[in-house]
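Architecture and fold: a report
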Amino acid sequence: MRLSTRNQLVGTVVSVTRGEAMAVVRVRLAGGDEITSSITRDAADDLELSDGSRVTVLIKSTEVALGVD
């Protein structure tokens, strides 16, 4: 599958926390950093996500906020 999304990061799922409607998925990237995604529980189930699953994180946003101390 080819996608127009340019921000694609390969990683490994380290945890999936399923709620009633949503799932929080933590992904460890190649450099050791982690990124968190909130997706529907149905999507997590459809993708059969579990610890150790290899995934590609697709980031498509019109706004990115940064903060500093």
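The structure reproduced in this document is the subject of the present report. Everything numeric here is computed off the predicted structure, so don't read it as measured data.

Rules of the game
Residues numbered from 1 in each chain as written. Predicted model: local features only at pLDDT ≥ 70, side-chain atom pairs only at ≥ 80, totals over all residues. Heavy atoms only, no water. Helix = DSSP H or I, 4+ residues; strand = E, 2+ residues; numbered from the N terminus. Buried < 20%, exposed > 50% of the residue type's maximum accessible area, 1.4 Å probe, protein only. 1 Å grid on protein atoms, 1.4 Å probe; cavity = no way out; pocket = protein on both sides within 12 Å on 5 of 7 lines; lining within 4 Å. Points joined across faces, edges and corners; volume = space filled by probe spheres on them. Nonpolar A, V, L, I, M, F, W, Y, C, P; charged D, E, K, R; others polar. Core = buried A, V, L, I, M, F, W, Y, C linked by side-chain atoms within 4.5 Å. Contact = heavy atoms within 4.5 Å. Polar contact = N/O pair within 3.5 Å; in protein donor to acceptor, adjacent residues only side chain to side chain.

Quick look at the overall build of the chain
- Of regular secondary structure, the chain possesses one helix and four strands.
- Secondary structure elements in the chain, listed N-terminal to C-terminal, are β-β-β-α-β.
- Its C-alpha atoms give the chain principal-axis dimensions of about 35 × 35 × 25 Å.
- The buried share of the chain, reckoned over its 69 residues, is 20%.

A closer look at the layout of surface pockets
- Roughly 320 Å³ of volume is contained in the largest pocket.
- Taken together, 14 residues form the lining of the largest pocket, with Ser37, Ile39, Val55, Thr56 and Val57 sitting closest to its centre.
- When contributions to the lining of the largest pocket are tallied by element, the ones reaching two or more residues are strand E2 (22-29), strand E3 (34-40) and strand E4 (54-59).
- In terms of residue count, E4 provides more of the lining of the largest pocket than any other element does, five residues in total.
- Residues of the lining of the largest pocket, tallied by class, amount to eleven nonpolar, three polar and no charged.

Side note on the nonpolar core
- By size, the foremost hydrophobic cluster in this structure holds ten residues: Val13, Val16, Ala23, Val25, Val27, Leu29, Ala44, Leu49, Val55 and Val57.
- Within the residue set of this core, elements represented by two or more residues are strand E1 (7-18), E2 and E4.
- In terms of residue count, E2 provides more of this core than any other element does, four residues in total.

Some points on the environment of Gln8
- Relative to the elements of secondary structure, Gln8 occurs in strand E1.
- On the basis of relative accessible area, Gln8 is assigned to the partly exposed category, the value being 39%.
- In this structure, the C-alpha to C-alpha distance between Gln8 and Val57, residues 49 residues apart in sequence, is 5.6 Å.
- When neighbours within four sequence positions are excluded, Gln8 is seen to be in contact with Leu3, Thr56, Val57 and Leu58.
- Polar contacts involving the side chain of Gln8 include one to the main-chain carbonyl oxygen of Thr5, which spans 2.6 Å.

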